[in-house]
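Each chain, written out:
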Amino acid sequence: VTRLVGYSEYREALARLDALVALATDEELRVMDALVAARDEYTVYTNLSRRLEGERGPTPLSEAGGGPMRGLGWVLGTARIELAAMAAVYAQADDPFALLPPTRIELPMYGELLLDGARMHYLALQNDPAAHRYAEYRTAQVSWDNVERGRPEIDPAHALAYGRRVLLTQAFLAAVEEHLGQQFAEAQRAELTSWQSHAEELQQTLLYKVLCQKRVERDIVTETTRTWDTLGGARSCYLRFAGQEVQAGRAQEGTKRQRESTEVFSSGRTLAPGVAKPTLAPE
Amino acid sequence: LVPGVAWGAAPSVEPLGLNPKELASVEAAAAGWHRGDPAVVIERLAPLVARGDADRLEAIERCLAANAAPHAGQLLAGARQSLALHGEPSRTKLSAREAVLVLPELERQLQIVWQAVDASRVRADPLPDADSMAEFERLLWDAHVLENRLASAQELAAAMARFARAVPRSQLDKLPEAERAIVACDYSAARAKLQAAADDVEQREIELRIRRLGLAESLLGATELTPEKLLAACAWHVDAALIAEFLARPRPRETPYARPELGDPQLAASIEAQADRCREKAGDLTAKAQLLVDGLHWWLRGRYGAGPEVGGLLKTAAALDSAEARFSLFMPAAPPRPVEPGLRGEAPVPHYDRRHHYWWTWGEQQVVRGGFETLHTEIHRTETSWTVETQFY
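Position labels on residues start from 1 in each chain and follow its written sequence. Chains and ligands are labelled by the order in which they are written, letters from A for the one and numbers from 1 for the other. Whole-chain, interface and lining totals are the exception, using all residues; otherwise, since this is a predicted model, local features are given only for residues with pLDDT of at least 70 and side-chain atom pairs are given and counted only at 80 or more. Only heavy atoms go into the side-chain values, all of them from the structure, while hydrogens and water stay out.

Q: Before we go on, may I ask you to explain the environment of Gln195 of chain B in this structure?
A: All names here are of chain B. With respect to the secondary-structure elements, Gln195 resides in helix 8 (residues 187–220). Type-normalised accessible area, obtained with a 1.4 Å probe on protein chains alone, sets the label of each residue: buried when under 20%, exposed when over 50%, and partly exposed for intermediate values. The partly exposed category is assigned to Gln195, whose relative accessible area is 34%. It is 9.5 Å that separates the C-alpha atoms of Gln195 and Ala153, two residues lying 42 residues apart in sequence. Each helix is a run of H or I in the DSSP string that is no shorter than four residues. Each strand is a run of E no shorter than two, and both are numbered from the N terminus.

Next comes the structure, spelled out in structure tokens:
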């Protein structure tokens, strides 16, 4: 995760700006907001997902408006969401969006950016023929040969990327539920639930039917058997999968990457190289 | 066995002038350039160039052009510089042929730096004046960019000296005159000239900071909090520290400052007194303004920074262990002006409207390729910056 441009940069930015919001008076924040709003380079365009709605038109989770937004709240919200998204996929964080809660001056902006991000990822998957091809495996049978060797027609690296993409979508949808769920009308809540269930189904399909992974039953750190939630299980599985690829022939780069990813936001579920392999069981 | 080719026959040579393996290497190098992977460019292209004759080189250039990539010299020069700048120089050996190919390209880049130095308003005489913190900020930014370019150019000149050493002296006479001049150039003199220009820019920067400190002191006297006063609350602290650090640096008696304003023996004491007055007037606003300015600076790096790999989305693997490699980013030289994402005909600013729309493709190189194809993304590298045309659907 450290190799992603934006990870250390947004982390440094938020360390300072969050401290500033805690220290500054309302009057000072007002002047700071005006200063940021006056400068083009801090402009953030919003409602980017609108262009993905296409012929289907708006959904109950769509929003009107959008366009160029200016001010400190937009700057903070953008950084926070970018950083949490990186942690959601490439670091061992159970709830990365909750680790970086929005400050008092950015709540509406954060909510708008978060929902836009969730719509973007969900609608992009919905429009993506490759995602549809993977979804068709939902009812496919998995043989022991598939589990041992993988499916011959599947490029595991490509499927793995889509797994990460769905993981990211799920993390966004979960954060939307957490942050905005209470404010939603019934139709919006129903739509969100439906999107979550589609994403969950696709995640399960990718993980167990396309990549033919076995379910992890044992926590490799504590050596105790436990039930893994799907999100954590998928993330761990993808990290482990990447680790196996690395061991299969790649040099140190991936190992370093994996080591790094386990150090940040570590929640105890580390999958660092060298640790005993988890016990695997067929689905 | 390749259908149609008799067993035991010589390897087939494509009409393009390269055999299939070489062709694949050149195509891989071009693809590496398109997705911003300098390591692959060097690994695949440098060995071919090293053992290629003029005809083979011409064929390589044709193949690169067919793959919408720049010529081999530009590709290799950019790739080697990019990796060196980000703390991970390529382990692929530099050959004499590659050096001869790359040196003219580096010379061209050096000339671009000199043009920028000559055109900069910070180098104008008299030094431009400013009457607002925002205007001072722009001038100081120009000075900062120029200093960075001059520092990079010195690295470039050092690299050129190394490249020139890769060409055996016995081969010099065989080179065309223009290339011979570049290979035989005295690069230590070029570096000294660049260092002199960098010293001049630094002194001009300090002069600007002295002037800005004066403006900051007067702005901090105002009772109403304004954006200008807020900037002054941060600027005085930075300026006073940098001026003091500059003046405290030992300087040989025989090399006085080129800028007469800096030669005043009372200057250091006067700056210290001015800093004390600013500190008193600004109070705790300085700490807050610093948090804002530093935070925004980091935000700009996250928003507009480009790494050397995967279309600017990634830093090199050296970033895992080295703070320096983690810090290195390509940044726009002028304050960017964002454009609406998805507008046709406009180069996107920033390159990635949201980074999380794109980086999920990263993991294995083939994923990135596949992922970007899925996104219908075309990445073109221009001389100075990335432009990315993306349709994210």
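Q: What is the right way to read the interface of chain A and chain B from this model?
A: The interface is formed by 69 residues belonging to chain A together with 62 residues belonging to chain B. When two parts are brought into contact, each loses some accessible area as probed by a 1.4 Å sphere; the total of that loss over both is the buried area. A buried area of about 6200 Å², summed over both sides, lies between chain A and chain B, and 66% of it is on carbon and sulfur atoms. On the chain A side of the contact with chain B, Arg3, Val5 and Tyr45 of chain A bury the most area, a combined 13% of that side's loss. Salt bridge, as used here: a side-chain nitrogen of Lys or Arg that lies within 4 Å of a carboxyl oxygen of Asp or Glu. Here chain A is connected to chain B by 5 salt bridges. Arg39 of chain A is the salt-bridge partner of Glu137 of chain B, the closest N and O atoms lying 2.7 Å from each other. Pairs of N or O atoms are called polar contacts if they sit within 3.5 Å, as long as, within protein, a hydrogen donor faces a hydrogen acceptor (for residues adjacent in sequence, only side-chain-to-side-chain pairs). At the boundary of chain A and chain B, one finds 18 residue pairs in polar contact (both at pLDDT 80 or more). Elements supplying a minimum of two residues to the side of chain A that touches chain B: helix 1 (7–23), helix 2 (26–37), strand 1 (44–46), helix 3 (72–90), helix 5 (107–127), helix 8 (156–180) and helix 11 (252–263) of chain A. When residues are grouped by polarity, Ala, Val, Leu, Ile, Met, Phe, Trp, Tyr, Cys and Pro land in nonpolar, Asp, Glu, Lys and Arg in charged, and all others, Gly among them, in polar. Tallied by class, the residues present in the side of chain A that touches chain B amount to 35 nonpolar, 10 polar and 24 charged. Should any heavy atoms of two residues lie within 4.5 Å, those residues are counted as being in contact.

Q: Explain the packing of helix 9 (residues 227–248) of chain B against helix 10 (residues 267–282) of chain B here, please?
A: Each pair of packed helices gets described by two things: the angle between the helix axes and the distance between those axes. Residues and elements named next belong to chain B. Axis definition: a line fit to C-alpha positions, over the contact stretch in the case of helices; interaxial angles, taken between N-to-C directions, run 0 to 180 degrees. Axis separation between helix 9 and helix 10 bottoms out at 10 Å; the angle between their running directions is 160 degrees. When the axes of helix 9 and helix 10 are compared, the pair comes out roughly antiparallel. Seen along the crossing, helix 9 lies across helix 10 with a hand that is left-handed. Contacts between helix 9 and helix 10 involve Ala233, Trp236, Ala240, Ile243 and Leu247 on the former and, on the latter, Leu267, Ala268, Ile271, Ala275, Cys278, Arg279 and Ala282. A class-by-class count of the residues in the contact of helix 9 with helix 10 yields 11 nonpolar, no polar and 1 charged. Angular relationships are summarised with four words: roughly parallel below 35 degrees, roughly antiparallel beyond 145, roughly perpendicular across 65 to 115, and oblique for the angles in between. A clockwise turn of the near helix away from the far one marks a right-handed crossing, whereas an anticlockwise turn of less than a right angle marks a left-handed crossing.

Q: Any chance you could explain unusual backbone geometry here in plain terms?
A: The phi torsion of most residues other than glycine is negative, and most of the peptide bonds are trans. Cis rather than trans, the peptide bond between Asp125 of chain B and Pro126 of chain B has omega equal to -5 degrees. Mapping Pro126 of chain B onto the fold places it in the loop between helix 5 (96–119) and helix 6 (133–165). Cis rather than trans, the peptide bond between Val349 of chain B and Pro350 of chain B has omega equal to -5 degrees. Despite not being glycine, Asn47 of chain A has its phi angle at roughly 55 degrees, a positive value. Looking at where Asn47 of chain A falls in the secondary structure, it is placed in the loop between strand 1 and strand 2 (67–69). Residue Asn47 of chain A is classed as buried on the basis of its relative accessible area, which comes to 5%. Phi is positive for Ala68 of chain B, which is not a glycine, with a value near 55 degrees.

The quantities given are spatial measurements derived from coordinates; they are silent on function.
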